[in-house]
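Fold and geometry: a report
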Amino acid sequence: MKYFEPSELIINADGSCFHLHLRPEQLADRVILVGDPARVNTVADHFDEIECEVSSREFHTITGTYKGKRITVQSHGIGCDNIDIVMNELDTLANIDYESRTEKPEHRTLTCVRIGTCGGLQPFTPTGCFIASVKSIGFDGLLNYYADRNKVCDLDFEEAFKKHMQWDPIKGAPYVAVADQALIDQIAQDDMVRGYTVSCGGFYGPQGRVLRADIADPKQNEKIEAFEYEGMNICNFEMESSALAGMASLLGHRAMTCCMVIANRYAKEMNTEYKNTIDTLIEKVLERI
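Residues numbered from 1 in each chain as written. Predicted model: local features only at pLDDT ≥ 70, side-chain atom pairs only at ≥ 80, totals over all residues. Heavy atoms only, no water.

Turning our eyes to something else, we now look at the overall build of the chain. Helix and strand counts for the chain stand at 8 helices and 14 strands. Its C-alpha atoms give the chain a radius of gyration of 19 Å, near enough to 19 Å, the size a compact globule of 289 residues would have. C-alpha atoms of the chain, sized along the principal axes, occupy 55 × 40 × 40 Å. Within the span of the chain, comprising 289 residues, buried residues form 55% of the whole. Considering only intrachain contacts with a sequence separation of at least 6, the fraction spanning at least 24 residues in the chain is 75%. Looking at the chain as shown, the accessible area adds up to about 13,100 Å², and 49% of this sits on carbon and sulfur atoms. One way to put it: in the chain the 29 positive side-chain charges average out to a point 3 Å from where the 44 negative ones average out. (Helix = DSSP H or I, 4+ residues; strand = E, 2+ residues; numbered from the N terminus. Rg over C-alpha atoms; globule rule 2.2 N^0.38 Å. Buried < 20%, exposed > 50% of the residue type's maximum accessible area, 1.4 Å probe, protein only. Contact = heavy atoms within 4.5 Å. Areas by Shrake-Rupley, 256 points an atom, 1.4 Å probe, with all protein chains shown as cover. Lys, Arg positive; Asp, Glu negative; His and termini not counted. Charge placed at Lys NZ, Arg CZ, Asp CG, Glu CD.)

See the structure below:
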C-alpha cells in the first residue's frame, strides 16, 4: 500500500483534512457543491436534520439528511483551483485511511452535483433557465498537470475546438472533461438544457468582458457561440465545471454541474436578483440526487 507523507496528505491536529477541516466520518456519499459559502445554508435550510457544520476560509460544510438521504453540502469558492483542493480532499476523506496514511482497500465513490450560476451564450439559454453541462472546456489548464488527463478527456473535441478557435498556444492547452452521463440523466431529466460549457480562468477577460483592459481576441465569444460539435452547442460560461468533471473522473467519482443562467451574454441581459429564484434549482437537485 502506498504511504502518503505528511507533506503530501496534510492532516490537522483534530484529524481533519487541511483546507476543508472535515473528518472522514463527517462526509456523506452524496455531495452538493456550491460556490458561495452562504448558499450552503440555503441548501441546508431544506434538510430535516443537521448533523454537523464546519467552516474554514471559503470552505463551508453542512452534513445532514433530506427525506432520508444523507447529504453533504460543500462550498468551494470561485475557480477551478479551488475545485482541485475540494475534490482532492473529499477523495482523501473517502479513500485514504487517516490513521495509517494508506489507501483503503475498497474504493468509495462519491456522487457530486454542483449547483451554480452562469452566463448563457445562446438564444435558447435565457436568464432563469437551467443548464446541465454534458462536457466542459477548461480554459484554466488544471487537468493538464495530471498524468492521466488524456484518459478522461474528449481529445477529438479538443482538437476540433482549437481548430475552430484558431487557438493561441500562449493561453495553454484547453481540455474537455466529460460529466457522468448517468448522473446527467438523473439530475437534468427533461427540464434542463443539455449542452457544452466553457469553464474560464477568470470572470472578465477570459469570458470576453472588456472594461479598461482590452482582450487578446475580440472575436472570442462570437467564435465560441458559433462552435458546434456532434450536434450540440456551447451553452454557457462558468468557472468550475471542467475541473469538477475532470477531477471526479480521475479519482473515480460521479460528478456533474447544473447552473441557472443569470446573464445572457448573447442578449446582453443580466438578472442581479437571482438569489431569490435559485431555490427552485436547489429543490430539483435535492429531490433527484
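Continuing now.
The next thing to look at is the pattern of salt bridges. Two side chains of opposite charge can pair, provided their charged atoms sit close to one another. By the definition in use, this model includes 17 salt bridges. Between Asp-154 and Lys-135 there is a salt bridge; the shortest N-O distance is 2.5 Å. One end of the pair, Asp-154, is in the loop between α3 (149-152) and α4 (155-165); the other, Lys-135, is in strand β8 (residues 130-138), and 19 residues separate them in sequence. Just as Asp-154 is buried, Lys-135 falls in that class too. Measuring nitrogen to oxygen at the nearest pair gives 3.9 Å for the salt bridge that ties Glu-230 to Lys-135. Separated by 95 residues along the polypeptide, Glu-230 in the loop between β11 (228-229) and β12 (232-238) and Lys-135 in strand β8 bring together distant segments of the chain. Three or more residues are tied together by salt bridges with common partners; here these are Arg-114, Glu-238 and Glu-240. (Salt bridge = Lys/Arg side-chain N within 4 Å of Asp/Glu carboxyl O.)

With that settled, the discussion passes to a nonpolar patch on the surface. On the surface, Phe-203, Tyr-204 and Leu-211 cluster together into a nonpolar patch covering about 340 Å² of accessible area. Within the secondary structure layout, Tyr-204 lies in the loop between β10 (193-199) and α6 (220-226). (Patch = residues over 30% accessible without salt bridge, like charges linked within 9 Å, V, L, I, M, F, W, Y side chains within 5 Å.)

On their own, these measurements won't tell you what the molecule is for.
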